[in-house]
Amino acid sequence: MSKALIVGGGIAGLATAIAFDRRGWEVEVLERAPELTAVGAGISLWSNALRALDELGVGERIRERAVEDAAAGIRDARGRWLSRTDTAALRARHGSPVVLHRADLLEILRAAVPESAVRTGISVTEARADGSVLHSAGVSRGDVVVGADGIHSVVRRAVCGVVEPRYSGYTAWRMVVTPTEPLGDLGESWGRGERFGFAALADGRVYCFAAANIPAGAPDGGLPELRRRFRDWHAPIPALLAAADADTVLRNDIYELPPLDTYVSGRLVLVGDAAHAMTPNLGQGACQALEDAVVLARVVATGGDPSAYDAERRPRTRMIADRSARIGTVAQLSNPLLAAVRDAVMRAMPASAQARALAPILDWTPGEPGAIQRPRTGGDVRSHTNT
Ligand SMILES: Cc1cc2nc3c(=O)[nH]c(=O)nc-3n(C[C@H](O)[C@H](O)[C@H](O)COP(=O)(O)OP(=O)(O)OC[C@H]3O[C@@H](n4cnc5c(N)ncnc54)[C@H](O)[C@@H]3O)c2cc1C
């Protein structure tokens with residue numbers, strides 16, 4: 001029996017394990033952490049990801065724990081609409097995105113991987129082109145070695161040398177809050193160099209996220225800083241922050257990977273953030289990891305050359321990462337004049353332009369090698385429940 005050896009037990013690693021297991025391969029997942037836990041609050045999954053999850057046999061379980069993402073659009077800090085999402089058209093054309101807690105996503109993925117396949121508390125130090133992996137408990141081998149070990153991937157070094165992640169210029173906070181007043185419309189609001197968004201979760205709580213331009217590694221002022229930054233923003237933002245628990249606020253400086261020359265070298269293959277860590281502005285990082293898993297198993301487990309995976313995945317993930325970065329640049333504009341121009345352009349942009357811009361991302365289907373999409377121009381100002 002052929003074996004896929006997977007480094008990393010996050011969303012990408014677990015999804016890859018499921019995909020190979022379903023195709024009759026032996027799988028082994030090596031995870032550094034002592035147990036599989038989800039760091040993070042909520043996560044949005046778009047229709048492309050839901051199709052990947054259906055292909056992995058867990059789509060229904062995800063939908064049971066998720067709620068439809070009812071983001072109504074983007075507002076300014078005072079609550080005036082900059083753009084409205086045509087949710088009916090989105091639903092009709094692609095199916096609705098959903099939001100769920102990351103812990104639920106991880107738990108559902110973990111439950112679909114054979115119990116004995118996951119080895120926690122094992123730190124990988126080196127991957128070799130012959131399919132061997134050196135780690136804290138010895139050596140493991142696979143016919144394919146999958147680097148699903150995140151943005152600071154060890155496996156990536158063996159695939160394409162040292163590649164340093166680059167800082168986006170902004171940091172993000174995430175938290176889950178029990179609301180104390182009606183939420184009104186859901187969605188995201190953009191100020192000058194700052195953003196705040198919120199989305200409902202299935203259990204009645206609210207996933208909140210915020211972003212601000214600050215230097216990498218700047219001291220974290222935590223919840224008091226967030227309350228200060230957003231105190232004059234429209235309702236219910238100050239109330240959500242008032243209800244938040246300081247101990248549960250997560251902060252991440254947002255880094256992305258520069259384009260890689262390849263995702264494949266010999267038996268070594270990269271998936272997820274190890275291959276294409278992107279800014280969260282489109283809410284596509286994990287969605288792309290799920291696509292990676294499905295495509296990799298389809299290509300390799302049916303006897304294909306891993307280079308076909310690279311050819312199918314690299315242009316698409318690059319296109320999406322580039323778009324996501326551009327949206328971040330626009331959303332985080334801090335110059336008052338530029339921000340005013342941005343706001344005016346957004347108010348003038350029809351919802352149909354946004355839908356057209358999203359189509360190449362959301363139209364993906366699992367068995368479609370033609371899913372390599374070329375960027376279209378225009379209509380890129382679209383952000384969604386994710387920072
Ligand atoms: C603020 C924020 C919001 C986001 N929102 C969304 C969203 O709404 N929708 C969306 O689709 N995406 C979103 N993303 C992106 C998404 O979180 C990532 O793309 C996704 O989690 C990547 O999963 P991964 O498994 O590739 O990497 P990771 O989650 O980083 O997992 C890597 C795993 O490998 C393990 N590991 C690392 N090194 C080693 C080693 N040497 N040996 C063994 N194990 C190792 C780690 O412990 C970890 O478990 C967001 C990201 C951020 C920062």
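Residues numbered from 1 in each chain as written. Predicted model: local features only at pLDDT ≥ 70, side-chain atom pairs only at ≥ 80, totals over all residues. Heavy atoms only, no water.

**Considerations on the packing of helix α11 (residues 306–331) against helix α13 (residues 351–362)**
Then step 1. Taken N-terminus to C-terminus, the directions of α11 and α13 make an angle of 145 degrees; their axes are 11 Å apart at the nearest point. For the pair α11 and α13, the sense of crossing is left-handed. Between α11 and α13, the residues in contact are Arg316, Met319, Ile320 and Arg323 and Ala357, Pro360 and Ile361, respectively. (Axes fitted to C-alpha atoms, helices over the stretch in contact; angles between N-to-C directions. Helix = DSSP H or I, 4+ residues; strand = E, 2+ residues; numbered from the N terminus. Left-handed = near helix turned anticlockwise from the far one by under 90°. Contact = heavy atoms within 4.5 Å.)

**Concerning the packing of helix α1 (residues 11–22) against helix α5 (residues 102–111)**
Then step 1. The N-to-C vectors of α1 and α5 enclose an angle of 25 degrees; their axes lie 9 Å apart at closest approach. Between α1 and α5, the interaxial angle falls into the category roughly parallel. The crossing of α1 and α5 is left-handed. Here α1 contributes Ile11, Leu14 and Ile18 to the contact with α5, which in turn contributes Arg102, Leu105, Leu106, Leu109 and Arg110.
Then step 2. Grouping the constituent residues of the contact of α1 with α5 by class yields 6 nonpolar, no polar and 2 charged. (Parallel < 35°, antiparallel > 145°, perpendicular 65-115°, else oblique. Nonpolar A, V, L, I, M, F, W, Y, C, P; charged D, E, K, R; others polar.)

**With respect to the confidence of the model for the protein**
Then step 1. The predicted model of the protein has a mean per-residue pLDDT of 93, with 95% of residues at 70 or higher.
Then step 2. Taken as a whole, residues 370–382 scores under 50 in pLDDT and shows 38 contacts with residues more than four places along the chain or in a different chain. (pLDDT = per-residue confidence, 0-100.)

**Details of the sheet that holds strand β6 (residues 81–84)**
What links the strands of a sheet is backbone hydrogen bonding, and the strands pair in either a parallel or an antiparallel sense.
Then step 1. Strand order in the open sheet formed by 7 strands is β6-β5-β14-β15-β16-β13-β17, with mixed pairing between adjacent strands. The strands lining the two open edges of the sheet, one partner per strand, are β6 and β17 (250–256). Taking the axes of each pair of neighbouring strands and ignoring which way they run, one obtains an average angle of 20 degrees across the sheet.
Then step 2. As defined by bridge partners, strand β13 (residues 166–177) adjoins strand β16 (residues 206–213) across 8 bridges and the pair is classed as antiparallel. Across the sheet, residue Ala172 finds its bridge partner in β16, namely Ala211. (Pairing = 2+ DSSP bridges.)

**Description of unusual backbone geometry**
Then step 1. Here the amide bond leading from Ala235 into Pro236 is cis, since omega sits at 5 degrees, within 30 degrees of zero.
Then step 2. Relative to the assigned elements, Pro236 resides in the loop between α7 (222–229) and α8 (237–243).

**Notes on the sheet that holds strand β7 (residues 98–101)**
Then step 1. The strand order across the open sheet formed by 3 strands is β3-β7-β4, and the pairing between neighbours is antiparallel. In this open sheet, the two strands that pair with only one neighbour each are β3 (42–45) and β4 (67–68).
Then step 2. Relative to β7, β4 is paired through 2 bridges, and the arrangement is antiparallel. Across the sheet, Glu68 pairs through a bridge with Val98, a residue of β7.
Then step 3. Packed on one face of the sheet, α5 meets β3 and β7 and runs near 85 degrees to β7.

**Thoughts on the layout of surface pockets**
Then step 1. Considering only enclosed or pocket space, the second largest pocket measures out at about 240 Å³ in volume.
Then step 2. Taken together, Asp76, Ala77, Arg78, Arg80, Trp190, Gly191, Arg192, Ala339, Ala340, Arg342, Asp343 and Arg347 make up the full set of residues lining the second largest pocket.
Then step 3. A total of 5 residues in the lining of the second largest pocket trace back to one element, the largest contributor, which is helix α12 (residues 336–348). (1 Å grid on protein atoms, 1.4 Å probe; cavity = no way out; pocket = protein on both sides within 12 Å on 5 of 7 lines; lining within 4 Å. Points joined across faces, edges and corners; volume = space filled by probe spheres on them.)

**Overview of the nonpolar core**
Then step 1. Counting 83 residues, the largest nonpolar core has Leu45, Ile62, Leu290 and Tyr309 as its most contacted members.
Then step 2. Apart from residues no more than four positions distant in its own chain, Tyr309 is found in contact with Tyr263, Val264, Val269, Leu270, Val271, Asp292, Val295, Leu296, Val299 and Arg314.
Then step 3. Grouped together as the second largest cluster of nonpolar side chains are 20 residues, Met175, Phe198, Ala212 and Phe230 included. (Core = buried A, V, L, I, M, F, W, Y, C linked by side-chain atoms within 4.5 Å. Buried < 20%, exposed > 50% of the residue type's maximum accessible area, 1.4 Å probe, protein only.)

**What to know about the pattern of salt bridges**
Then step 1. Inspection of the entire model under this criterion finds 28 salt bridges.
Then step 2. Here Arg91 ties to Glu68 by a salt bridge, and the two come within 2.9 Å at their closest N and O atoms. On the criterion of sequence distance, the pair formed by Arg91 in helix α4 (residues 87–94) and Glu68 in strand β4 is long-range, its members being 23 residues apart.
Then step 3. With a relative accessible area of 44%, Arg91 lands in the partly exposed category.
Then step 4. Salt-bridge contacts for Arg205 lead to Asp203; the nearest nitrogen and oxygen are separated by 2.8 Å.
Then step 5. A single network of salt bridges, built from pairs that share partners, joins Glu291, Asp292, Arg313 and Arg316. (Salt bridge = Lys/Arg side-chain N within 4 Å of Asp/Glu carboxyl O.)

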